[in-house]
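So you can see what is in the structure, the chains are spelled out below.
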Amino acid sequence: MPTDELPEALHVTTDEQLRAVSNLTRHRIMAVLRFEPATITQIAERVGLAKGSSSYHVRLLERAGLVKVVRTRKVRGVTERYYAMAARAIVLPDPGRGGPDALMRHAVADLEAAPVDGERHIGMAHLRLTEEQFTELGARLQALAEEYRELSDPSLPDASFVFALFRPAPRERTEGDAK
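Now for a description of the structure that goes with this document.

### Observations concerning the overall build of the protein chain
Working step 1: In terms of regular secondary structure, the protein chain is built from 6 helices and 4 strands.
Working step 2: Listing every helix and strand of the protein chain by position from the N terminus yields β-α-α-α-α-β-β-β-α-α.
Working step 3: For the protein chain, the spread of C-alpha atoms along the principal axes amounts to about 75 × 40 × 30 Å.
Working step 4: The buried share of the protein chain, taken over its 179 residues, is 21%.
Working step 5: The contacts in the protein chain between residues at least 6 apart in sequence include a share of 61% that link residues at least 24 apart.
Working step 6: Of the accessible surface of the protein chain, which amounts to about 13,100 Å², a share of 52% is contributed by carbon and sulfur atoms.
Working step 7: Of the charged side chains in the protein chain, 25 are positive and 26 negative, and the gap between their average positions amounts to 7 Å.

As structure tokens, then:
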């Protein structure tokens, strides 16, 4: 099933789905399936897992409704299944104040595991914005991500674009702040 035939978004709403996406290995498997269907063997090779481990994680994702079989074929008497994402985007619930954000944890883990000798663009900016500017910047970042998602070619190497635009909680002033 081509990605243009998939539903636009799947909202993670159940504990089973949340547990499934909270695991870094399953997050990486979903990244493999984001652009094209793959077999257990292909997934195992791309993620660096044994086929048995890959199969276990894919079954959990399938049971949670996050991935699905989109095609089968017979190979030497065995049915080979091709898995794909169940939707173009998986939308995670807001973790709430102080809650762990699975998406950001996975992004940091992927960044830490990325080769340091390759080109990387990492930055952080502290901004002071009006509500209007804040909303506009969020929309522009989302549009930029979508623009490049549309340009993505499955034959090219993976690249991750992560952004977090938020207003930090006010810090409590301490005696050291006054100095």
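Here the narrative resumes.
### Describing the side chain of arginine 26
Working step 1: Structurally, arginine 26 can be placed in helix H2 (residues 24-33).
Working step 2: Setting aside its immediate chain neighbours within four residues, arginine 26 contacts Arg19, Ala20, Tyr56, His57, Leu60 and Leu61.

### Some details on the packing of aromatic side chains
Working step 1: According to the stated counting rule, one finds 1 aromatic pair in the structure shown.
Working step 2: Between the aromatic rings of phenylalanine 161 and phenylalanine 163, the centroid separation amounts to 5.7 Å while the plane-to-plane angle is 45°, which identifies the pairing as tilted.
Working step 3: Judged by relative accessible area, phenylalanine 161 falls into the partly exposed class, the value being 48%.
Working step 4: Just above the ring of tyrosine 82 sits the side chain of arginine 71; from NZ or CZ to the centre is 4.1 Å.
Working step 5: Looking at arginine 167, its charged tip hangs above the ring of phenylalanine 134, at a distance of 4.5 Å from the centre.

### Here's the deal with the packing of H2 against helix H5 (residues 102-113)
Working step 1: The interhelical angle for the contact between H2 and H5, taken along N-to-C directions, is 80°, at an axis separation of 10 Å. Viewed along their axes, H2 and H5 adopt a mutual orientation that is roughly perpendicular. The segment H2 lies against H5, with Leu24, His27 and Arg28 engaging His106, Ala109, Asp110 and Ala113.
Working step 2: Here the contact of H2 with H5 is composed, by residue class, of 3 nonpolar, 2 polar and 2 charged.

Thresholds, definitions, all that
- Residues numbered from 1 in each chain as written.
- Predicted model: local features only at pLDDT ≥ 70, side-chain atom pairs only at ≥ 80, totals over all residues.
- Heavy atoms only, no water.
- Helix = DSSP H or I, 4+ residues; strand = E, 2+ residues; numbered from the N terminus.
- Buried < 20%, exposed > 50% of the residue type's maximum accessible area, 1.4 Å probe, protein only.
- Contact = heavy atoms within 4.5 Å.
- Areas by Shrake-Rupley, 256 points an atom, 1.4 Å probe, with all protein chains shown as cover.
- Lys, Arg positive; Asp, Glu negative; His and termini not counted.
- Charge placed at Lys NZ, Arg CZ, Asp CG, Glu CD.
- Phe/Tyr/Trp six-rings, centres within 6.5 Å; stacked < 30°, edge-to-face > 60°.
- Lys NZ or Arg CZ within 6 Å of the ring centre and 35° of its normal.
- Axes fitted to C-alpha atoms, helices over the stretch in contact; angles between N-to-C directions.
- Parallel < 35°, antiparallel > 145°, perpendicular 65-115°, else oblique.
- Nonpolar A, V, L, I, M, F, W, Y, C, P; charged D, E, K, R; others polar.

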